[in-house]
Amino acid sequence: MTGNGTTDRTDGATRGWDRTGPPSRSRWIRWPEGTHNRAPGDGPHGPIAFGGDYNPEQWPEEVWAEDVRLMREAGVNLATVGVFSWARIQPDPDTWDFAWLDRVLDLLHENGIAVDLATATASPPAWLTTAHPEMLPVDRTGVVLGQGGRQAWSPSSPHYREASLRLVEQMAQRYGDHPALAMWHVSNELGCHNGRSYSAVEEVAFRRWLQERYSTLDELNAAWGTAFWSQHYGAWDEVQPPRAAPSFLNPTQQLDFARFSSDALLDQLRAETEVLHRHTPDVPVTTNFMVMSHFSGVDYATWTPGLDLVSNDHYLMAHDAESYVELALSADHTRGLAGGGPWMLMESSTSAVSWQPVNAAKPAEQLRRNSLTQVARGADAVCFFQWRAARSGAEKYHSAMLPHAGTDSELWRTVVGLGADLQALREVTGSRVVAEVALVLDYEAWWAAELDAHPSAVLRYRDLAQDWYRALWDRGVTVDVVPRGTDLSRYRVVLAPLLYLVRDAQAEAFEEFVHGGGALLTTFFSGIVDEDDHVRLGGYPGAFRDLLGVRADEFRPLLPEQTVAVSGTLGAGTGTLWSEPVRTDDAEVLLTYDDGPSAGYAAVTRATRGSGHAWYAGTHLDRAGRDAVVDGLLAGVTAPAEATDGVEVVLRRGDAGEYLFAINHTDTDGQVHAEGTELLTGASCTAPTTVPAGGVVVLRR
Ligand code: GLA
C-alpha cells in the first residue's frame, strides 16, 4: 500500500444491511396469474414490464374504466399505484380510507394489470406537518421548507418515521394478499428534495451517527482534522451539521454529513422494507433510484444490498445534444448497482418533462430508441411517469403515456407501438448484458472530488467519467459502470477517472487487478485522499504512485480557457483542466507536455505490472487523445459486432440465446455486421443487417 492511508472505517461495518453490494436476495417482479401480455414465449423474468405511475386519485372515478381499457390497448401490464396518495388514504390521523384503492386494485387485476404498489409515504399530508412542524426539512441557511410541494419531511424525524411506518403497516396488512400485487415500491425517489436537511432533528441524528462512526470525540477530532482553524470539539453537543458558515466548512464534516444524509434515508428505506418483508416475504421490494447525470445525493451502492430489485428513474437533460450517451451511461450504472443483473426502468418521460428551463418535446422515434436502449442495457421493464397527463398541479405540463390530447395523437400511437415492440422482445427478459470493461463510479469519490477549496473548482466528476465513457461508446464497447467494492476479476479493462477519494481496499483491489493481467486507467486528481479526506503524503497521485510508476510534487490546474499541447507516441493533441509535472519511475511516457506550466513533463504514462498495465492521464485529453488512450487500453476488447458510425450495439446473453441490439442514432440508414432473426419485425436477416435511420433492430443469434 502506498501513501499513508488509514484502515478503512466503514466498509463491512453494517447498519443492518451490508455496506455495499448488489441485492442480496435478488427477486424479480412476482407476476400475478392472468397478467395481460404474459405469453408462452416470455423470458425467465416473464414479459417486459410496461406501464407507469398511475394516479387515479387525481381523477373522477368515471375515468378509471377508460384508463384500464386504454392500458390494455397499449399493452400495459404494470401500474405503479399510490405514490402520492397518503392524504387520500389517511385524511386525518384516525381515519383510513382504503375503499377507493381497493376498487383501483380490483379493477387493475380484473384487467390483467399487475400492481407495483407504493407505500405512499413519499409526501406526508398537511395534518402531519401541521401537527409536527419540527419534522420539516431545513436548508443549510436555516430556512424551513414547508408544506405545499412534496416530500416535506426530514429523513430522521421520529414523528415522520412513526407515522410513515404506521401507514406501511396498514398498506401491507390490507394489500399483502391482493392478487394484483406484484411488488412494493418504497416511498419515491428518496432524497429527491429532502436529501440534505439541517434541522434540529437531523442535528441530533447526525451526532448519533458520528458517535457510531467514531467511538470517541478524539477520533472525530482526528478524522476531521479539527486542529485546523480552531475547530476542536470538547463535547458532542458542540458538533453540528455543516450549516452556512462565514468561510469554507470543514471538508470531512461535509463529507460525513453527505454519508450521514444518505444513511438517514437508508434508515427510512430499511424500516419500510422490514415491515413489507415481515408481512409479505415473497413480494419483491424496490425503491426508485435517480441514477442520472445531475443527481449525486445518495450512495446507492450502500442501498442495494437490502433491496430485492434495482429500479431507476431516468430523465434526459434537454440541453445535452448527445443525451443518448448519458442515457447509456446511466443505464450501465444502474445495471452495475444491480450486480450486472436485469433492472427496472421505473420512470422516464414519453416526451417533455416540466422541471427544466425549457422542456423540449421528445420526437417519437427518440422515445422508442431511448426505451429500447434501456432494454438493450439490461432493463426488463420500461415504465413512465406517468400514465395519464395531469390537468392540474405542478406537473400538468409533464408528458405522459396518454397525453392531454387523448388517443388521437402521435404520442399515443407511439406508446402503443412501443408496447408492441416490448411484446415482440419478451423473450429477452432475464438475459444479461455482456461486458468486459468496467468503469468505477463512486458516489463518495464524487462528493469528495467536488468539495470546495480544491485546486480547481471546475472539475465535474460525472462529466469527466462520461467523457471517457464516450470513447468506449464510440467503439461500441459495453461497459459495466460499477460501484466501489465490485469484484474486478471478471473484467479485462477498468477505468477509474478522477477517483479523488479512494479507500485502501479499493486501491488494493486495483493493484490486484493489474497484477492479475488487467489494464487500468486512472487520471489526475485520483488516489489523493483517504476516506477521511486526508491527503496521502509523499507525492501525487497518492494511493496509486507505485502502481502507476509516476510521481508529481505539485498540482498545476489550468484556467478554464487554458489548453496545453501534448505529443508523443499516441499522437498530438491538447489537454485542459489540469497538468502535472509528472516524473516517471518505471512507467513508459506516451505523451509529453509541449507547453504550459508542466512543459517537458509526462502527460500520459503506462506502467507494466506483470502481464497487466496501469495507465495514467495527468491532463484532461481532448477527444482524439482519449480515443488514442482507449484504443491502447482496450487491447483487443471489441464491440459485440461491427456497426456503422452512430449505431449503438449491445449484446444480451441468456440461456435461450444471444440478443444483439443495434440502435441507430443518425438520420441515415446504418448497418450492423450480424445476422439472425430480427425480433421486432420477425424478418430473417443476413449480414450486414440494415439498421434504419433513427431505428432499432434486435437480432436473435
Ligand atoms: C420524478 C418523480 C415523479 C415526477 C417526475 C417528473 O421522477 O418520481 O413523481 O415528479 O420526476 O419528471
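Along each chain, the written sequence defines residue order, and numbers are assigned to residues from 1. Totals for whole chains, interfaces and linings use every residue, but because this is a predicted model, local features are given only for residues with pLDDT of at least 70 and side-chain atom pairs only at 80 or more, for both listing and counting. Hydrogen atoms and water are omitted, and side-chain values are computed over all heavy atoms in the structure.

Colleague: I'm lost on the overall build of the protein chain in this one. Help?
Modeller: Each helix is a run of DSSP H or I of at least 4 residues and each strand a run of E of at least 2, with the numbering of both proceeding from the N terminus. Secondary structure summary: the protein chain contains 16 helices and 31 strands in total. Relative to a compact globule of 701 residues, whose C-alpha radius of gyration would be 27 Å, the protein chain shows 26 Å and is just as compact. Viewed in the frame of its principal axes, the protein chain has a C-alpha envelope of about 75 × 70 × 40 Å. Residue burial in the protein chain is summarised as follows: out of 701 residues, 62% are buried. Any two residues whose heavy atoms approach within 4.5 Å are treated as being in contact. Here the contacts in the protein chain between residues at least 6 apart in sequence split such that 73% fall between residues at least 24 apart. All radius of gyration figures rest on C-alpha atoms, and the globule criterion is 2.2 Å times the number of residues raised to 0.38. When a residue's accessible area, from a 1.4 Å probe over protein chains only, is under 20% of the maximum for its type it is buried; when over 50% it is exposed; and in between it is partly exposed.

Colleague: Can you help me understand the nonpolar core in this one?
Modeller: Among buried residues, those of type Ala, Val, Leu, Ile, Met, Phe, Trp, Tyr and Cys that are joined through side-chain atoms within 4.5 Å constitute a nonpolar core. Counting residues in hydrophobic clusters, the biggest one holds 173 residues, and the most contacted among them are Val-81, Leu-101, Leu-108, Trp-184, Tyr-300 and Phe-510. In terms of residue count, helix H13 (residues 461-474) provides more of this core than any other element does, 8 residues in total. Among residues more than four places away in sequence, those in contact with Val-81 are Tyr-54, Leu-101, Val-104, Leu-105, Leu-108, Val-115, Asp-116, Leu-117 and Ala-118.

Colleague: Honestly, the pattern of salt bridges in this entry has me stumped. Any pointers?
Modeller: It is possible for side chains of opposite charge to pair when their charged atoms get near one another. By definition, a salt bridge exists where a carboxyl oxygen of Asp or Glu is found within 4 Å of a side-chain nitrogen of Lys or Arg. Applying the stated criterion across every chain yields a total of 43 salt bridges. Arg-213 is the salt-bridge partner of Asp-532, the closest N and O atoms lying 4.0 Å from each other. In this pair, Asp-532 sits in the loop between strand S14 (519-523) and helix H15 (545-548) while Arg-213 sits in helix H6 (residues 200-213), placing the two residues 319 residues apart along the sequence. Comparing Asp-532 with Arg-213 shows no difference in burial state: the two are buried. The partner of Arg-623 in a salt bridge is Asp-474, and the shortest N-O contact between them spans 3.1 Å.

Colleague: What is the right way to read the domain arrangement of the protein chain from this model?
Modeller: When the parts of a complex come together, some accessible area is lost, and that lost area is often used as the size of the interface. Assigned domains within the protein chain: domain 1 (49-196 + 267-430), domain 2 (437-634) and domain 3 (647-700). Where each domain starts and ends follows an automatic or database-derived domain assignment. The C-alpha-based centres of domain 1 and domain 2 are spaced at 37 Å. In this assembly, 26 residues from domain 1 lie in contact with 17 residues from domain 2. Here domain 1 and domain 2 share an interface that buries about 2,000 Å² over both sides, 54% of which is from carbon and sulfur atoms. If you look at where domain 1 meets domain 2, you find 4 salt bridges. In protein, a polar contact means a hydrogen-donor-capable atom and an acceptor-capable atom, both N or O and within 3.5 Å, with residues adjacent in sequence counting only if both atoms are side-chain atoms; elsewhere, any N or O pair within 3.5 Å suffices. Joining domain 1 to domain 2, the criterion identifies 11 residue pairs in polar contact (both at pLDDT 80 or more). Of the residues that constitute the side of domain 1 that touches domain 2, the class distribution is 11 nonpolar, 7 polar and 8 charged. Throughout, buried area stands for the accessible area (probe radius 1.4 Å) lost by two parts on being put together, summed over both. Any residue that is not Ala, Val, Leu, Ile, Met, Phe, Trp, Tyr, Cys, Pro, Asp, Glu, Lys or Arg is counted as polar, Gly included; the first ten are nonpolar and the last four charged.

Colleague: Quick question: what am I supposed to make of the site of the ligand here?
Modeller: Working definition: residue near molecule or strand if any one of its non-hydrogen atoms lies within 4 Å of it. Every residue near the ligand is listed here: Phe-84, Arg-150, Asn-188, Glu-189, Asp-313, Tyr-315, Glu-347, Trp-355, Phe-385, Glu-395 and His-398. Here an oxygen atom of the ligand and a side-chain polar atom of Arg-150 are 3.0 Å apart. We get accessible surface area from the Shrake-Rupley algorithm with a probe of 1.4 Å; when it comes to residues, only the shown protein chains can shield them. The fraction of the free accessible surface of the ligand (310 Å²) that becomes covered by protein chains is 97%. A class-by-class count of the residues in the shell around the ligand yields 4 nonpolar, 2 polar and 5 charged.

Colleague: Just to check I follow, could you spell out the sheet that holds strand S31 (residues 696-700) for this structure?
Modeller: Note: strands within a sheet are paired through backbone hydrogen bonds, in either parallel or antiparallel orientation. Pairing in this open sheet of 6 strands is antiparallel, and the strands run S10-S25-S26-S31-S28-S29 from one edge to the other. Strand pairing shows two members of the sheet lacking a second neighbour, strand S10 (432-433) and strand S29 (684-685), which therefore form its edges. Two strands pair when backbone bridges link them, and strand S28 (residues 676-678) and S31 are joined in this way by 2 bridges, in the antiparallel orientation. Across the sheet, the residue bridging to Glu-678 is Leu-699, located in S31. Only strands joined by at least two bridges in the DSSP assignment are considered to pair.

Colleague: What exactly am I supposed to notice about the environment of Glu-322 here?
Modeller: The topology assignment puts Glu-322 in the loop between strand S7 (311-313) and helix H9 (323-337). Taking the C-alpha atoms as reference points, Glu-322 and Ser-296, 26 residues apart in sequence, are found 21 Å from one another. In contact with Glu-322, other than residues within four places in its own chain, are Arg-470 and Arg-623.

Colleague: Looking at this structure, I do not really get the packing of H6 against helix H8 (residues 251-279). What am I missing?
Modeller: Two quantities define a packed helix pair, namely the angle between the axes and the distance from one axis to the other. Contact geometry for H6 and H8: axes closest at 10 Å, N-to-C directions at 105°. The angle between H6 and H8 falls in the class roughly perpendicular. Touching Glu-202, Ala-205, Phe-206, Trp-209, Leu-210 and Arg-213 of H6 are Gln-253, Asp-256, Phe-257, Arg-259, Phe-260, Asp-263 and Ala-264, all from H8. Structural elements are reduced to axes, namely lines fitted to C-alpha atoms, with helices fitted over the stretch in contact, and the angle between N-to-C directions of any two is expressed from 0 to 180 degrees. Each angle gets one of four labels, with under 35 degrees taken as roughly parallel, over 145 as roughly antiparallel, 65 to 115 as roughly perpendicular, and the rest as oblique.

Colleague: Looking at this model, I keep getting lost on the sheet that holds strand S1 (residues 49-54). Mind explaining?
Modeller: If you trace the 9 strands from one edge of the open sheet to the other, you get S5-S4-S3-S2-S1-S9-S8-S7-S6, paired in parallel fashion. Since the sheet does not close on itself, it has two edges, and those belong to strand S5 (285-286) and strand S6 (288-289), each with one partner. In the sheet, strand S8 (residues 343-347) pairs with strand S9 (residues 379-384) via 2 bridges, with the strands oriented parallel. Within S9, the position partnered with Leu-345 by the bridge is Val-382.

Colleague: Explain helix H10 (residues 364-376) here, please?
Modeller: Side chains of residues three or four places apart in an α-helix project in the same direction, reflecting 3.6 residues per turn. The first and last C-alpha atoms of H10 sit 18 Å apart over 13 residues, in line with the 18 Å expected at 1.5 Å per residue. Counting buried positions over the 13 residues of H10 gives 11, a clear majority of the element. Burial in H10 covers these residues: Gln-366, Leu-367, Arg-368, Arg-369, Asn-370, Ser-371, Leu-372, Thr-373, Gln-374, Val-375 and Ala-376. Note on H10: the residue one or two positions beyond its end, Gly-378, has a positive phi of about 110°. A helix is expected to reach a length of 1.5 Å times the quantity of its residues less one.

Colleague: Is there a simple way to think about the pairing of strand S23 (residues 612-617) in this case?
Modeller: Within a regular strand, the side chains alternate between the two sheet faces. Taking burial as the measure, the 6 residues of S23 include 5 buried ones, the bulk of the element. When S14 meets S23, the two strands line up parallel, connected through 5 bridges. Within the sheet, the bridge partner assigned to Leu-520 lies in S23 and is Ala-614.

Colleague: Would you mind showing me how to read the packing of aromatic side chains here?
Modeller: Aromatic ring pairs are reported here in terms of the distance separating the ring centres and the angle at which the planes meet. For this analysis, a ring pair means two rings from Phe, Tyr or Trp (six-membered ring only for Trp) whose centres lie within 6.5 Å, classed as stacked if their planes differ by under 30 degrees, edge-to-face if by over 60, and tilted for the remaining angles. For the structure on display, the rule yields 31 aromatic pairs. With a centroid separation of 5.7 Å and an interplanar angle of 90°, the aromatic rings of Tyr-300 and Tyr-443 are classed as edge-to-face. With a gap of 143 residues between them, Tyr-300 in the loop between S6 and S7 and Tyr-443 in helix H12 (residues 443-449) connect regions that are remote in the sequence. The pair Tyr-300 / Tyr-443 is uniform in exposure class, with both members buried. Seen in terms of ring centroids, Tyr-540 and Phe-555 are 3.8 Å apart; in terms of plane orientation they differ by 10°. Their pairing is stacked. Of this pair, Tyr-540 sits in the loop between S14 and H15 while Phe-555 sits in the loop between strand S15 (550-551) and strand S16 (556-557), and the two are 15 residues apart along the sequence.

Colleague: I keep staring at the side chain of Arg-259 and nothing clicks. Help me out?
Modeller: For Arg-259, the position within the fold is in helix H8. Within the structure, the side chain of Arg-259 is placed 2.7 Å from the backbone oxygen of Glu-531, a separation counted as a polar contact. Not counting the four nearest positions on each side in its chain, Arg-259 is found in contact with Trp-209, Arg-213, Glu-444, Trp-447, Leu-501, Arg-503 and Glu-531.

Colleague: Would you mind showing me how to read unusual backbone geometry here?
Modeller: Peptide bonds are, in most cases, trans, and in most cases residues other than glycine have a negative phi. Cis geometry marks the peptide bond from Phe-385 to Gln-386; its omega dihedral reads 0°. Locating Gln-386 in the fold gives a position in the loop between S9 and helix H11 (410-424). With an omega dihedral of -5°, the bond running from Ala-687 to Pro-688 counts as a cis peptide bond. Look at Ala-453: it is not a glycine, yet its phi comes out positive at around 60°. For Ala-453, a relative accessible area of 55% corresponds to the exposed category. The backbone of Phe-525 shows a phi angle near 60°, a positive value even though the residue is not glycine.

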